[in-house]
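Descriptive structure summary
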Amino acid sequence: MSFLDNLESSIKSMESQEERVNSRDRDHVRREAERARVKAITPFAEELRKGRFTQDLMEEATRIGHGLRTKVYITWIDSTLRLEAREHRLELKATPEGVVADHLLNREPVSQEKVDLKGSGKKLAEKWLGKVGPRPSLAD
C-alpha cells in the first residue's frame, strides 16, 4: 500500500469516526429535548385526562350532538383529546404553556385558543358544536 493510499484510508477512518460521534451527540441532544418537553407537559396532560373540565366537555358534547342528531367521536391520542362531529374537529393538546384547543373544519385549521382547565367544559362544547349546526333534513 502506498503512502497516499494509507493517508487517504486514515483520513476516511477519522471522518467516519467524527460523524459517528456527531451523530451520537445530536441524538443525545434530541432525546434530552424530548424528555424536557414531556416533563413540561405532564401536569397539563394529567389534568386534561383526569380533570372535571374534560368530563364536562365530553358529556356536554355528547348531549348536544344527540340533540343535533350527530355522533360525536371522542378519541385520545397520547396527550391529545380529539372530538369529531361531521366535518368539524376539536383537538385539545397539552403543551408546556398549558392546553390549547385547535378548531378544524375539513381537517384544515380554523382557529386556536388557550383553554382554562379550571373553567367550564360545557361552554367550549357549546361554542364548538354551535358551529356544526343541525343536520339538514331529507325534505330539503
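This report concerns the structure included in the present document. (Residues numbered from 1 in each chain as written. Predicted model: local features only at pLDDT ≥ 70, side-chain atom pairs only at ≥ 80, totals over all residues. Heavy atoms only, no water.)

1. Re helix α3 (residues 121-132)
- Given a rise of 1.5 Å per residue, twelve residues ought to cover 16 Å, and the 17 Å separating the end C-alpha atoms of α3 matches this to within 8%.
- Listed as buried for α3 are G121, L124, A125, W128, L129 and V132. Projected onto a plane normal to the axis of α3, the buried residues spread over an arc of 110° and lie on a single side. Summarising the geometry of α3, the exposed residues directed more than 90 degrees from the buried face are K123 and G130. (Helix = DSSP H or I, 4+ residues; strand = E, 2+ residues; numbered from the N terminus. Expected span 1.5 Å × (residues − 1). Buried < 20%, exposed > 50% of the residue type's maximum accessible area, 1.4 Å probe, protein only. Arc of directions from axis to C-beta.)

2. Some points on the packing of helix α2 (residues 52-67) against α3
- Where α2 contacts α3, the axes come no closer than 7 Å and their chain directions differ by 35°. As for the relative orientation of α2 and α3, their crossing is right-handed in sense. Contact residues: F53, D56, L57, E60, A61, I64 and G65 in α2; G121, K122, L124, A125, E126 and L129 in α3.
- Per-class residue counts for the contact of α2 with α3 are seven nonpolar, two polar and four charged. (Axes fitted to C-alpha atoms, helices over the stretch in contact; angles between N-to-C directions. Left-handed = near helix turned anticlockwise from the far one by under 90°. Contact = heavy atoms within 4.5 Å. Nonpolar A, V, L, I, M, F, W, Y, C, P; charged D, E, K, R; others polar.)

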